Structures are given as structure tokens and as C-alpha cells.
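# Understanding the architecture of this molecule
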Amino acid sequence: MSDIYDVLVIGGGPGGYNCAIRAGQLGLKVACIEGRGTLGGTCLNVGCIPSKALLHSSEMYETAGKDFAGLGIKAELELDLPTMMGAKEKTVDALTKGIEFLFKKNKVEYIQGFGKITAPGTVEVDGKAYQAKNIVIATGSEVATLPGIDIDETRIISSTGALSLSEVPGKLLVIGAGVIGLELGSVWRRLGSEVTVVEYLPHILPGMDGEIQKQATRMFKKQKVKFELDRKVTGVTKTASGLNVTTEAAAGGKPKDIAADVVLVAIGRRPFTDKLGLDTLGVATDKRGFVATDHFKTNVGGIWAIGDCTTGPMLAHKAEEEAVAVAELIAGKAGHVNYDVIPGVIYTNPEIACVGQTEEELKEAGIPYKSGKFPFMANSRARANHETDGFVKILAHAETDEILGAHMIGKGVSEMIAEVALAMEFKAASEDIARTCHAHPTCSEAVRQAAMDVEKWAMQM
Ligand code: FAD
Ligand code: NAI
């Protein structure tokens with residue numbers, strides 16, 4: 001057998017490992033190069049999985065303390081943070097090892113070390129050169145930093161530090177009211193921190209549907225998260241008693257100092273392509289450093305790029321879609337990604353989920369639409385569970401009735417959004433959902449009722 005690989009994948013995150021597995025399934029000779037020592041990338045090691053593990057256990061802790069008594073359950077409550085962290089680590093460990101198993105099952109060779117592309121078709125790892133017909137760059141992203149604010153991962157932390165604090169901060173100041181700020185801010189608030197979020201924009205969750213932004217702001221405020229909107233952080237200084245965070249209005253002026261014990265910097269992520277050799281090879285990047293691609297192809301023949309290091313939403317499932325598509329294209333099949341139907345979920349309580357276009361985007365594009373909405377307050381399962389906050393909104397084309405978007409806030413909407421995504425993949429009309437029998441009592445009946453409300457015949461409100 002030839003020593004030349006069909007595919008060498010650089011990076012073992014959701015982009016890289018899924019690409020390698022799919023290539024293996026398709027009978028290609030494939031290896032995946034990963035430098036961090038474990039597979040799974042940001043997502044499994046310091047992203048999606050550990051954050052969801054802590055969101056789950058902190059939510060159980062809060063529910064036990066806040067809601068059990070009202071349901072007639074008496075419980076004594078004590079936080080055991082080391083055990084909570086240990087449970088998170090066990091999950092991460094099992095899942096990262098699971099990928100090693102999947103590699104073996106699909107005949108993917110795992111090469112440990114950092115890869116550098118030294119020439120088209122050649123990747124060097126620890127001084128050893130590997131040859132390939134195709135190279136897939138899946139090197140992901142890293143935390144974006146603020147000038148003058150040095151992350152030490154103990155008191156001034158990124159998401160990585162926020163996933164393994166050894167004690168609950170008294171006062172946690174979060175810079176950025178995006179996904180990470182709200183998810184990890186929620187974790188520590190539930191465990192006892194006083195949380196203040198400073199956001200540059202006049203609203204939280206940029207890019208989300210305006211009605212969802214407003215409802216989410218109300219709900220987080222009800223949970224005693226403080227927001228300093230339209231405000232930027234200008235510096236953080238260490239004091240004898242903690243940290244002093246200097247801020248001013250986004251437009252300048254109106255200075256305000258805020259005291260904190262821990263500061264979480266959550267202002268976004270940037271592509272990670274350090275030491276990959278892109279400059280020498282002439283692989284084009286855009287002005288923000290993302291690898292420039294056209295249908296996953298870079299400007300250099302035989303070199304492809306996917307996932308967080310390319311443009312588009314920085315989401316594990318977006319990377320996974322691209323991974324499958326690129327492996328299929330390399331194998332001569334018709335891989336493709338439908339970027340119009342990539343759901344987004346924020347795993348706070350209540351959860352927030354969306355797919356497709358927002359009302360603001362439809363208005364901006366001049367697309368005529370109609371909207372249907374249904375509150376969980378009117379859903380019997382949500383009532384039985386005492387989880388009635390939030391709503392489902394469905395947007396459909398005014399003339400064709402094709403579903404153009406769905407926006408949800410409420411308990412468990414992370415699971416409900418898939419129904420609408422599937423409908424959109426099939427170019428369904430809102431009436432298709434409205435006329436699909438949904439089991440009773442389930443929270444997903446709210447999706448059906450919202451679809452019925454598009455034509456104003458929702459029957460349960
Ligand atoms: P990565 O997962 O970043 O993987 C890239 C890998 O490449 C890394 O392991 C890196 O070590 C390796 N690498 C880099 N350079 C080299 C090299 N030269 N040689 C060898 N290896 C190299 N997304 C969701 O969809 N849902 C979530 O709930 C979610 N939660 C998140 C929570 C947090 C706190 C964070 C930070 C992110 C979260 N994300 C979530 C985003 C998600 O983690 C990323 O979108 C996803 O991991 C991107 O996958 P990727 O394969 O492109 O890159
Ligand atoms: P983000 O882009 O979601 O939010 C960053 C926020 O910081 C924005 O609201 C921005 O306006 C604000 N900001 C930027 N500079 C600022 C400043 N100087 N002062 C105050 N505010 C400032 O980025 P985040 O939360 O860091 O997440 C990074 C990526 O990770 C996201 O793109 C997201 O897709 C991914 N992620 C996804 C999750 C999920 O799918 N559930 C969970 C966590 C992360």
C-alpha cells in the first residue's frame with residue numbers, strides 16, 4: 001500500500017475528527033494530526049461538552065434549592081464543587097477517548113503532534129514528513145483578547161478558566177453578553193456568584209431575533225444578572241482585595257469603576273492558524289485571519305479548510321457539516337452544506353434556539369413574511385412542569401408559506417429546534433407543521449401551535 005495518504009486532516013476537533021471518520025468510511029487512506037494530546041478539539045475539551053456538563057449540574061443545584069420545596073420535596077443542599085468538576089472531567093475524558101475508538105473503527109490513523117504544511121501535499125509533525133493528495137485544515141479557533149487585559153486563567157479568565165475555577169467567585173464580571181458570557185455567567189450565578197455583564201452593544205446576544213433578545217434580557221434580569229449595556233471595558237487592575245474594572249460608555253465618556261473578584265473575558269473567538277505555514281505557502285486568509293475558501297477549497301490546490309478557522313458561525317455542528325461535505329467531495333461525491341439551515345442554541349435556563357432568518361433580517365431584505373407565536377404559558381406540559389417562561393415564534397413567507405425562520409426561548413427548546421430545521425431542509429410550509437400530529441402533552445406542541453398561529457388558527461390560546 002502506498003505511503004501517500006488520500007487525506008491528511010490537521011486538527012482533531014469536530015471539523016477534523018468528523019472529516020477523518022467520514023473519509024475512513026468512504027475507504028480513503030486518512031490520518032488526523034492533533035497537537036493538544038487529546039482528540040475532540042475545543043468542543044470536547046474546553047467548549048461545548050464541559051460547559052454543558054456544568055450548565056446541567058449547576059441547574060440541578062439551583063432547581064433543588066429553589067423549586068424542590070414547592071413540589072413537596074425536602075432536601076438539604078450543599079455545593080461540592082470538586083465533585084461537580086470531577087463529573088465534568090469524567091464526561092470529557094470518556095468522550096475524547098470515544099473518538100480514539102471511532103478512529104480505530106474507521107481506520108483513521110491518529111498522529112499526535114502539531115502539524116506544519118511545508119509544501120503542497122506535505123505536512124511535517126515533529127520533524128517527520130507525511131505526504132498526502134489532500135490536506136484539510138481544521139485547526140479551529142482561540143479566545144480573542146482585549147488589549148491591556150492579560151488573561152491569567154485564575155482571576156482574569158477566558159472560557160477555559162471559567163470551566164475549572166476551584167471556588168465560586170463572590171463577584172464575577174463578564175465582558176461580553178454573547179453566548180459564552182451568558183452560558184458561563186449562568187453557571188457561576190447559579191452556584192452563588194453575583195454576576196455583572198458589561199456589553200459593548202445596547203442589547204445582549206447580537207445577531208439574534210430582537211424579540212428573543214428582549215425576552216432573554218428580562219429573564220436574565222429576573223435571575224438577578226446585572227447588565228451594563230452600551231458600555232466598554234477600558235482596563236482591569238489588580239487590587240489588594242480583588243480587581244477593579246474600569247469602563248466607559250461605548251461612545252466614550254461616562255466612566256464607571258466596577259469591583260470584581262474574577263473577570264471573564266468573553267468577547268468572541270478568532271481563527272487559529274499559528275505556525276501552520278500558511279504565509280510561506282501563500283494560502284490566502286481574509287483580513288480577520290480566517291482561511292479564505294470557495295466550497296472548502298483554499299487558493300492552493302489540494303488544500304482545503306473547514307470549521308472555526310473559516311468564516312461562518314463558530315459552531316461545532318457547522319464544522320461537522322463541512323467535515324462531511326469536504327470528505328465526500330474528496331471522495332468524488334456531491335458533498336454540500338445548507339448554510340441557511342444551521343441552528344443555534346444557547347444553553348441557558350430557559351434555553352434559546354433559532355434557525356433561519358430573524359424578523360430584522362427579513363425586513364432588511366424586503367422579504368414579505370407572516371409570523372406565528374405561541375407562549376409556553378399556554379402549553380399543558382410546560383404548565384405541568386412549572387416551566388412556563390418563553391415562547392416559540394415561526395416566520396413564514398407571506399405568499400408561499402415556506403418556513404423562513406424559527407426563534408424559541410423556553411425550557412428544552414434546544415431539542416425542539418431540530419423539528420423546524422428538518423422542516424426547512426424539506427422546504428416545508430408552516431402549514432406542514434401545523435397539520436402534523438404532535439404527541440400530547442409535550443412542549444413541542446408549542447411549535448405546532450406557533451405554526452398554526454401563522455394562519456391565525458392556534459387553538460390553545
Ligand atoms: P476546534 O474544535 O477548535 O479544533 C481544532 C483542533 O485543532 C484543536 O484541538 C487544536 O489543538 C488543533 N490544532 C490546531 N492547530 C494544529 C496544528 N497545527 N496541528 C495539530 N493540531 C492543531 N459550539 C456548539 O456548536 N455548541 C456549543 O454548545 C458550544 N459551546 C462552546 C462553549 C465554549 C466555552 C466554547 C469556547 C466554544 C463552544 N462552541 C460550541 C464552539 C465549538 O467549540 C467550536 O465551534 C468547534 O469546536 C469548532 O470545531 P473545529 O474543529 O473547527 O475547531
Ligand atoms: P460572541 O461573539 O457570542 O459574543 C461576544 C460579545 O462580546 C458580543 O456581544 C460583543 O458585542 C461583545 N463585546 C465585544 N467586545 C467587547 C468589549 N470590548 N466590551 C464589551 N463587550 C464586548 O462571542 P463569545 O460569547 O465569546 O463566543 C465565541 C464563539 O463561541 C461564538 O461565536 C459562539 O458561536 C461559540 N459558542 C457557541 C456556544 C453555543 O453554541 N451554545 C456556546 C459558547 C460559545
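Residues numbered from 1 in each chain as written. Chains lettered and ligands numbered in written order. Predicted model: local features only at pLDDT ≥ 70, side-chain atom pairs only at ≥ 80, totals over all residues. Heavy atoms only, no water.

Moving on, we get to the site of ligand 2. Neighbouring residues of ligand 2: 23 residues in total, closest Ile-180, Glu-183, Glu-199, Gly-268 and Val-345. Here Val-179 contributes a backbone N or O atom positioned 3.2 Å from an oxygen atom of ligand 2. One of the side-chain N or O atoms of Glu-199 is found 2.6 Å from an oxygen atom in ligand 2. Here ligand 2, which alone exposes 840 Å², has 79% of that area covered by the protein. In terms of residue count, helix H6 (residues 179-190) provides more of the shell around ligand 2 than any other element does, four residues in total. Taken together, the residues that form the shell around ligand 2 break down as 14 nonpolar, four polar and five charged. For the shell around ligand 2, the domains that each give at least three residues are domain 1 (4-143 + 270-337) and domain 2 (156-267). (Near = heavy atom within 4 Å. Polar contact = N/O pair within 3.5 Å; in protein donor to acceptor, adjacent residues only side chain to side chain. Areas by Shrake-Rupley, 256 points an atom, 1.4 Å probe, with all protein chains shown as cover. Helix = DSSP H or I, 4+ residues; strand = E, 2+ residues; numbered from the N terminus. Nonpolar A, V, L, I, M, F, W, Y, C, P; charged D, E, K, R; others polar. Domains from an automatic or database assignment.)

Take the pattern of salt bridges next. It is possible for side chains of opposite charge to pair when their charged atoms get near one another. Overall, the coordinates contain 25 salt bridges when judged by the stated rule. A salt bridge links Lys-393 to Glu-211, with the shortest nitrogen-to-oxygen separation between them at 2.7 Å. Taken together, the residues span a long stretch of sequence, with Lys-393 in strand E21 (residues 391-397) and Glu-211 in helix H7 (residues 210-222) at a distance of 182 residues. Across the pair Glu-359 and Lys-393 runs a salt bridge whose closest N-O atoms are separated by 2.6 Å. Of this pair, Glu-359 sits in helix H10 (residues 359-365) while Lys-393 sits in strand E21, and the two are 34 residues apart along the sequence. For Glu-359, a relative accessible area of 12% puts it in the buried group. A relative accessible area of 1% means that Lys-393 is categorised as buried. Beyond isolated ion pairs, a larger network of salt bridges with shared partners links Asp-209, Glu-211, Glu-359, Lys-373 and Lys-393. (Salt bridge = Lys/Arg side-chain N within 4 Å of Asp/Glu carboxyl O. Buried < 20%, exposed > 50% of the residue type's maximum accessible area, 1.4 Å probe, protein only.)

A separate point is helix H3 (residues 48-66). Over its 19 residues, H3 runs 26 Å from end to end, which matches the ideal 27 Å to within 8%, given 1.5 Å per residue. Among all positions in H3, only Pro-50, Ser-51, Ala-53, Leu-54, Leu-55, Ser-58, Glu-59, Glu-62 and Ala-64 are buried. Contacts from the buried residues of H3 go to helix H2 (41-46), helix H4 (81-105), helix H5 (159-162) and H6. (Expected span 1.5 Å × (residues − 1). Contact = heavy atoms within 4.5 Å.)

Working definition: the strands of a sheet are paired by backbone hydrogen bonds and lie parallel or antiparallel to each other. Strand order in this open sheet of three strands is E12-E13-E14, and the pairing throughout is antiparallel. Pairing within the sheet leaves two strands with one partner each, and these edge strands are strand E12 (231-238) and strand E14 (256-260). Across the sheet, the mean angle from the axis of one strand to that of its neighbour is 25°, orientation sign disregarded. Here strand E13 (residues 243-249) runs beside E14; their pairing, made up of five bridges, is antiparallel. Along E14, the bridge assignment pairs Asn-244 with Ala-259. (Pairing = 2+ DSSP bridges. Axes fitted to C-alpha atoms, helices over the stretch in contact; angles between N-to-C directions.)

Bringing the sheet that holds strand E15 (residues 262-265) into the picture now. Taken in spatial order, the five strands make up an open sheet running E8-E15-E9-E10-E11, and their pairing is parallel. Of all strands in the sheet, those with a lone pairing partner are strand E8 (156-157) and strand E11 (226-228), marking the two edges. Across three bridges, strand E10 (residues 194-198) lies against E11 in parallel orientation. The residue of E11 that forms the bridge with Val-198 is Glu-228. Of the strands in this sheet, strand E9 (171-175), E10, E11 and E15 touch H6, which is tilted by about 175° from E9.

Taken domain by domain, the protein holds domain 1 (4-143 + 270-337), domain 2 (156-267) and domain 3 (341-454). Taking only C-alpha atoms into account, the centre of domain 2 sits 29 Å from that of domain 3. On the side of domain 3, 20 residues touch domain 2, which itself brings 18 residues to the contact. Among the residues domain 2 hides against domain 3, the three largest losses belong to Asp-209, Glu-211 and Ile-212. Together they make up 34% of the total. At the junction of domain 2 and domain 3, the tally comes to four salt bridges. Where domain 2 packs against domain 3, one counts seven residue pairs in polar contact (both at pLDDT 80 or more). Elements represented by at least two residues in the side of domain 2 that touches domain 3 include exactly H6 and H7. Looking at the side of domain 2 that touches domain 3, the element that brings in the most residues is H7, giving eight residues. Grouping the amino acids of the side of domain 2 that touches domain 3 by side-chain chemistry returns eight nonpolar, five polar and five charged. (Buried area = accessible area lost by both parts, 1.4 Å probe.)

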